[in-house]
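Tertiary structure, described
So you can see what is in the structure, the chains are spelled out below.
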Amino acid sequence: MIFETHAHYENKKFDDDRDQLLASMQMHGIGKIVNVGSSLETSRQSLSLANQYDQIYAAVGVHPSEISCLDETGIDWLRSQASHAKVVAIGEIGLDYYWEKDASVRKMQRDWFYRQLIVAQEAGLPVIIHSRDAAQDTLVMMQEAYSRKIPGVIHCFSYAPEQAEQYVQMGYYIGVGGVVTFKNAKKLVETVERIPLESLVLETDCPYLAPEPYRGKRNSSLYLSYVAEKIAEIKGIDTVEVIRTTEKNACNLYQIA
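Quick caveat: nothing in here was measured; it's all calculated off a predicted structure.

What counts and how
Residues numbered from 1 in each chain as written. Predicted model: local features only at pLDDT ≥ 70, side-chain atom pairs only at ≥ 80, totals over all residues. Heavy atoms only, no water. Helix = DSSP H or I, 4+ residues; strand = E, 2+ residues; numbered from the N terminus. Buried < 20%, exposed > 50% of the residue type's maximum accessible area, 1.4 Å probe, protein only. Contact = heavy atoms within 4.5 Å. Expected span 1.5 Å × (residues − 1). 1 Å grid on protein atoms, 1.4 Å probe; cavity = no way out; pocket = protein on both sides within 12 Å on 5 of 7 lines; lining within 4 Å. Points joined across faces, edges and corners; volume = space filled by probe spheres on them. Nonpolar A, V, L, I, M, F, W, Y, C, P; charged D, E, K, R; others polar. Phe/Tyr/Trp six-rings, centres within 6.5 Å; stacked < 30°, edge-to-face > 60°. Pairing = 2+ DSSP bridges. Right-handed = clockwise from strand over helix to strand, strands pointing away. Axes fitted to C-alpha atoms, helices over the stretch in contact; angles between N-to-C directions.

What follows is about the environment of G94. By the secondary structure assignment, G94 is in strand β4 (residues 87–96). The class of G94 is buried, set by a relative accessible area of 3%. In this structure, the C-alpha to C-alpha distance between G94 and D137, residues 43 residues apart in sequence, is 9.7 Å. Among residues more than four places away in sequence, those in contact with G94 are P64, Q109, F113 and H130.

For helix α5 (residues 135–147), built from 13 residues, the straight-helix expectation of 18 Å at 1.5 Å per residue is met to within 8% by its first-to-last C-alpha distance of 18 Å. All of the buried residues along α5 are T138, L139, M141, M142 and A145. Just downstream of α5, K149 is the residue with a positive phi angle, here 60°.

Another aspect to go through is empty space enclosed by the protein. Enumeration over the complete set of coordinates arrives at one cavity of 30 Å³ or more. When its volume is computed, the largest cavity comes out at roughly 50 Å³. Contributing to the lining of the largest cavity are C156, F157, G175, V176, G177, G178, V179, L188, E203, T204, D205 and L209. Its residues assigned to classes, the lining of the largest cavity comprises six nonpolar, four polar and two charged.

To continue, consider the packing of aromatic side chains. Any aromatic ring pair is given by two values, namely how distant the centres are and how the planes are angled relative to each other. One pass over the structure, following the stated rule, counts nine aromatic pairs. Pairing Y167 with Y172 gives two aromatic rings, centres 6.4 Å apart and planes at 80°, and the pair type is edge-to-face. Residue Y167 is classed as buried on the basis of its relative accessible area of 0%. With a centroid separation of 4.1 Å and an interplanar angle of 5°, the aromatic rings of Y214 and Y223 are classed as stacked.

Once that is clear, we can look at the pairing of β4. Of all 10 residues that make up β4, 10 are buried, and the element is covered over most of its length. The sheet contact formed by strand β3 (residues 56–60) and β4 spans three bridges and is parallel. From the neighbouring strand, V60 faces β4, where its bridge partner is I90. Sheet topology places β4 next to strand β5 (residues 127–132); six bridges connect them, and they run parallel. Looking at the pairing, I90 lines up with V127 of β5. Viewed along the sheet, the connection from β4 through helix α4 (residues 103–123) into β5 turns out right-handed.

Strand order in the open sheet formed by eight strands is β1-β2-β3-β4-β5-β6-β7-β8, and the pairing between neighbours is parallel. A strand with exactly one partner marks an edge of an open sheet, and here the two such strands are β1 (2–7) and β8 (200–202). Each adjacent strand pair in this sheet contributes to an overall mean axis angle of 30°, direction not counted. Contacting β2 (30–36), β3 and β4, helix α2 (residues 40–52) runs over the sheet at an angle of about 160° to β3.

By themselves, these figures tell us nothing about what the structure is for.
Written out as structure tokens, the structure is:
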């Protein structure tokens, strides 16, 4: 079964057919799903979905662009939810300098990123890392996380293959989604070529980043087969091997039997 490591089914784009869509997953070869929080509210919604559906697990965390919702009470809440039976990660957390140019706000992103890394360390959970236009600062902070033995995945990887290799050397997984099917995804294709299959996991980031031939439309886990097929093509192996190995990788990442 395909393991979907990063989805946002709490998103309003699924309001009209969420239950029907999620109920159809297993018959289409989609097994476990991790629904990922990006704010305190979406983390609560991810927990609600995990409580409602057996195959859904939750990640709780605050995206760097949402840190205005964080304070000590928020950190305490994340810490309290980390022990929930179906919480498998802290995320998505990290740095996003694409939209944020103010140096003081970028520092706040780093500060709250660090605080959430510590929550993960205390809970013994992996982290789901969002990083956009912040390659070097993210790497430095993840080197610190590695020294603290915090496992995790670099979600929606978009940097140079050489940096992916640095993360893999530290034991981090690389999340690959629909972007790998895009015609202009040369860096990601090269990354997939160079990174061992044992270090890759499948993800959608749905409802965003649908693969070809659905680019620009609402994404869902049902389209992960296109990502698996593209990885198989790049590596010259069978799609079944990609699905089987990435499922094992995801179970190792999220500590799910």
